[in-house]
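Here is how the chains run, residue by residue.
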Amino acid sequence: MADIRLEGICKSWGDSRVVKDLHFSVKAGEFLVLLGPSGCGKSTTLRMIAGLEEVSAGRVFIGGTDVTGHAPSRRGLSMVFQSYALFPHLNVAENIVFGLKVRRLGRAERDERLKRVAALVGLDGLLDRKPAQLSGGQRQRVALARSIAAEHPICLMDEPLSNLDAKLRHDMRVEIRALQQRLGMTVIYVTHDQVEAMSMADRIVLMRDGRIEQEATPEEIYARPASDFVARFIGLPPMNLIRLAPGTDGAVIDGAPEIGAIHPSPGHDTLLGIRPEHIRLGQGIAARVVAIDYHGADTVISAQLGAQVVQIRAPGRFHAQSGEEIRLSWPPEAAHLFDAGNGMRRADNPRPT
Amino acid sequence: MSKRVTKQALTGWLLVLPAVTVLAAFTHFPIVRTMVESLYSKGNPVRPSHFIGLDNYANFAADPVFWKVLGNNAIFALGTVPVSMALALVMALWVQSRSGKAVLRLAYFLPTMLPMIAAANIWLFFYTPDIGLLDQLLGTFGLPGRNWLGDPATVMPCLMAMTIWKEAGFFMIFYLAALQGMSPELREAALLEGCGRFTYFRRVLFPLLMPTSLFVLVNAVLNAFKLVDHLFILTKGGPSNASNLLLYYIYEHAFAFYDLPAAAALTVVLLLGLAILAISQFVFLDKRVHYR
Amino acid sequence: MFGRFTRAAATAATILGLAGTAAQAKDIELTMYYPVSVGGPLTKVVDGMVADFQKDNPGIKVNAIYAGNYDDTRVKALAALKGGQPVQLSVLFSIDAYELMEQDAVIPFDDVAQSAEDKEWLKSFYPGLMANGVINGKTWGIPFQRSTIVMYYNKDAFREVGLNPDQPPATWKDMVTAAKKLTKQDGSRWGLAIPSTGYPYWMFGALAKQNGELLMSADGTKTFFNKPNVVEALQFWRDLSAKDKVMSEGTVEWGTLRQSFLEGKAAMIWHSTGNLTAIRKDAKFDFGVAMLPGNREPGSPTGGGNFYLFKKSTPEERAASLKLIKFMTAPERAAQWSIATGYMGVSPESYETDALKAYIKDFPQAAVARDQLKVATAELATYQSGRVRKLLDDAIQATLTGSKTAKAALDDAQEQADRLLKPYR
């Protein structure tokens, strides 16, 4: 009923192709995040699903019906905009029931939904305010309430939290996810923030240059990034990608052959990916501290390893002087190998645990 | 402490002094002078002007032409303001949805750029009986011509048509600016909620344009009382005051009759009327118009 | 320090001032405003005459400023005076004399023209043209661009409907009969047009005179707007469109009437003689000029502009102004001006000049205005002239547009004029 399928969606403006032959589907009740850097075509894709943008090619199915040519209002979905798109001349209550009025819903039904939704998102007592009298978080709630009140099974969200401060963003993340699960909505959520994606999504579609780079669950995308791009996009700090060079007994770290072979592969055109949090300190290969970045719960150490700098995330406070030698090691299953040419994950990767 | 406050106040006064001086010299003083002048009789070297209290006003109260002129002005305002505003809004919506059509915008704005005198001359050519464009156009359809400006029944509508033509383009600019400042996401949000074009206009666009409309309304009403240039070319207030407006009547008193006190009295009446109109517009409409 | 500077400046100023005075004695600068209210390139003609004058009088410099129609010119000249700018003389409406006197802006010519020769000069003009300029025995205005109303008629149209083109109607009755023949039922041509915007009182002065009445007393303190014959004259004007259907309904625009005549939309028009040359130049058909038809008697008011001397001027400037006015109104110049414009020659001598004689021989229409002068009367001029004129203008327009009867409109106008003029009696 509320599942969405995209088949070969393309969008171009003149000569510039923004979305290139996109295929993916969303199951009913699923929380799907469209993730990617700005300009990757994720918002355009969302707008094409909403019907606000025409597709240049391809088809959009909702609940098994081809809605490609349908007007936005006939697709049975609601949307939360980055700017919230609240009507400034209407108060909170009027904003929430705006669509219901347009659709000529009875007054009793309207009031009932308003009451329910306002309680749900915590807007009681603010219903008479105009948007200009609300804080950013409150406006966000109104936008959310408006889309919930519509009672459409599908809700599209376009970077809804990007105008909020960090603390509020966290709270809203939790809240939106809880609401989605409680109401069983199908959500497609566009963001460039990997934290939002990882914490909220059932599944992530990571886009780059109008194409899907990887489509997977958060766990999968973290554990088995399909490319060096995905590897660098997910995780904080991002995964270290260490260029390897061929050595006598196997691949050696580029610029530090004296360490010896660290991987049995030949080492041609290979990138070795290791997440900072998977590197252990104490024993192993030698590196020199370049900088220390203390975060409270952990410390991010930048260290010179051969010709490159790697980052290590160590729990607690780590004391070291710049230039001091440290020793690094990682479990074999933490190593990811990528093709340095096309960036794709190599087949001879060690199995993850 | 108090010394510092005094010094601060002094600095403040010094800063506004230039503005206050200019305002006082060119606005307040002339208004007061006009009010005082209106209380005197018309003088000449033989019989100097003397204080006559409110006689000038009493004379106008008994002057049927004055009431006729006032009525004309009311008709002129009622006839031009709503139509030119509506037209301005329609043109703005039309032009805005077709971005890049600079030519179209220019076409609508062109009448505004013309000086009123030039515009009036063009329209005189339209309205001239028998040889004018309008009558010739009617002639090609076999319809009889009319003496557009020479007939009290048609002279006001003729002036109003020209004024609307002249004003609408100007007001369009304000609406256009307002429309372009509006977030496209509002339209999209409304679209998703199932709003048609008309519903969107009625429920969202129109209310959001209210502050602009108020601004345009105030300007349009003031203009309806301030426009006078076209009368010099088209009718000179005739026939028999059928198209005479308050400002032209003031001109006649000041420069045709050399009765400056009478002109001053009329000016005070005009000033009061405009002030009351502007204030009431702002006071009564302001609350209903502003949404922020 | 400051004191010394002031003294030095004062000394310098004195020296410069003396030098200035000396220079002024040699070089007099005059400023004159003048109007144009008819068609044709009249400003060029005036500029040419002024240039000729400066050639003959090297010590005098004249700024002749065209300032619009009669009303505009009066407004601008008086505004310039009030603003402290020098205006020593101007051509203004002949009927503005009362207003200018009341404003104390002008001086009578008698104050300046005191030599025997000058006094003779004052008498050299047509008496009919002096009527509006002589008040209480003193001459306030010297005729310059003077006109009467004449009837222009389209001879081709006359021939077309079987009227004798050389015998224009001489009575109201004949005029209406001819006009009925000339009017086309489809509205493409009117038999007659008498303009009723701009200067309706002037046209009405003609009708009233033709019906045996003047509109005002000679001293400008009384009007006779609602005398029965005056009411009858207005009724006649109204009937031309309402009853006889030979003239368009409503008011007839002064400014565009010449064009209507030239395009054949009106077969007979009443207009100023000042339009003669312009019409002659642009008419693509044979046209005639006739004296206005009469009813009880023939007649037309004079009209147009007189020279006035302004009070704010030095004796030298006044003398120079007089010199200029004498130059501009001398028989040869008057003849030249008349030929160039159609305005009449202001003195009998001007019609004796070779130039005008030859011109009239070639173009007899040019003499009509002069011939009509015999039956001409003064133009409506009273104290409070602006207001009184507007009262009459409004009454005429109200009648012509059918919003009031002639009697009611003129009764109202007379009552209000009485109120305005009472203080002057």
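No experiment lies behind these values; they were computed from the predicted model shown. (Residues numbered from 1 in each chain as written. Chains lettered and ligands numbered in written order. Predicted model: local features only at pLDDT ≥ 70, side-chain atom pairs only at ≥ 80, totals over all residues.)

### Remarks on the interface of chain C and chain B
The partner chain B presents 24 residues to the 28 residues of chain C that form the contact. The set of elements that each furnish at least two residues to the side of chain C that touches chain B consists of α3 (70–82), α4 (97–102), α11 (254–262) and α17 (385–400) of chain C. Examining the composition of the side of chain C that touches chain B, we find that 7 residues originate from one element, α17(C), more than from any other. (Contact = placed C-beta atoms within 7 Å. Helix = DSSP H or I, 4+ residues; strand = E, 2+ residues; numbered from the N terminus.)

### A closer look at the arrangement of the chains
Out of 2 pairs of chains that touch, the pair holding the most contacts is chains B and C. Contact between chain A and chain C is absent, and the least distance between their C-alpha atoms amounts to 51 Å.

### Some thoughts on the pairing of strand β10 (residues 211–216) of chain A
All names here are of chain A. Of the strand pairs in this sheet, strand β9 (residues 203–208) and β10 are connected by 5 bridges, and their pairing is antiparallel. When the sheet's bridge partners are listed, Arg-208 is paired in β10 with Arg-211. Here β9 folds back onto β10, and the loop between the two strands holds 2 residues, one of which, Asp-209, carries a positive phi near 50 degrees. (Pairing = 2+ DSSP bridges.)

### Concerning unusual backbone geometry
In this chain, A:Leu236 is followed by A:Pro237 through a cis amide linkage whose omega measures -10 degrees. Tracing the chain through its elements places A:Pro237 in the loop between α8 (228–233) and β11 (240–246). Its identity is not glycine, yet A:Asp209 carries a phi of approximately 50 degrees, on the positive side. Mapped onto the elements, A:Asp209 comes out in the loop between β9 and β10. Within the chain, B:Tyr258 stands out as a residue other than glycine whose phi angle is a positive 50 degrees. Judged by the 22 C-beta atoms lying within 10 Å of it, B:Tyr258 falls in the buried class. (Buried ≥ 20, exposed ≤ 12 C-beta atoms within 10 Å, placed from the backbone.)

### Quick word on the confidence of the model for chain B
Predicted coordinates in regions of low pLDDT should not be interpreted in detail. Residue and element names in this part refer to chain B. The predicted model of chain B has a mean per-residue pLDDT of 85, with 94% of residues at 70 or higher. Mean pLDDT across the secondary structure elements of chain B bottoms out at helix α4 (residues 102–113), with 80, and peaks at helix α3 (residues 64–96), with 91. Prediction confidence for the complex, expressed as pTM and ipTM, is 0.75 and 0.79 respectively. (pLDDT = per-residue confidence, 0-100.)

### Description of the interface of chain A and chain B
Counting residues at the interface gives 18 residues for chain A, matched by 16 residues for chain B. Elements that contribute at least two residues to the side of chain A that touches chain B include exactly β6 (77–80) and α2 (92–102) of chain A. Within the side of chain A that touches chain B, the residues separate by chemical class into 11 nonpolar, 5 polar and 2 charged. (Nonpolar A, V, L, I, M, F, W, Y, C, P; charged D, E, K, R; others polar.)

### Digging into the sheet that holds strand β4 (residues 57–62) of chain A
All names here are of chain A. Pairing is antiparallel across the open sheet formed by 4 strands, whose spatial order is β2-β1-β4-β5. The open sheet terminates on both sides in strands that have one partner only, identified here as β2 (16–26) and β5 (65–66). Pairing of strand β1 (residues 4–13) with β2, which is carried by 7 bridges, proceeds in the antiparallel orientation. Along β2, the bridge assignment pairs Leu-6 with Phe-24. Against the sheet, helix α1 (residues 42–50) engages β1, β2 and β4, with an angle of about 115 degrees to β1. (Axes fitted to C-alpha atoms, helices over the stretch in contact; angles between N-to-C directions.)

### Thoughts on the domain arrangement of chain A
All names here are of chain A. The domain boundaries assigned to chain A delineate domain 1 (4–228) and domain 2 (229–339). Look at where the C-alpha atoms of domain 1 and domain 2 centre, and you get two points 38 Å apart. If you look at the interface, domain 1 gives 12 residues, while domain 2 gives 12 residues. For the side of domain 1 that touches domain 2, the secondary structure elements donating two or more residues are α6 (194–200), β9, β10 and α7 (218–223). Per-class residue counts for the side of domain 1 that touches domain 2 are 6 nonpolar, 3 polar and 3 charged. (Domains from an automatic or database assignment.)

### Examining the packing of α2(A) against helix α4 (residues 136–149) of chain A
Residue and element names in this part refer to chain A. Between α2 and α4, the least distance of the axes is 8 Å, while the angle of their chain directions is 30 degrees. In terms of orientation, α2 lies roughly parallel with respect to α4. Every pair of crossing elements has a handedness; the one defined by α2 and α4 is right-handed. Within the contact between the two elements, α2 uses Val-92, Asn-95, Ile-96, Val-97, Phe-98, Gly-99 and Leu-100 and α4 uses Val-142, Ala-145, Arg-146 and Ala-149. For the contact of α2 with α4, the residue count by class is 8 nonpolar, 2 polar and 1 charged. (Parallel < 35°, antiparallel > 145°, perpendicular 65-115°, else oblique. Left-handed = near helix turned anticlockwise from the far one by under 90°.)

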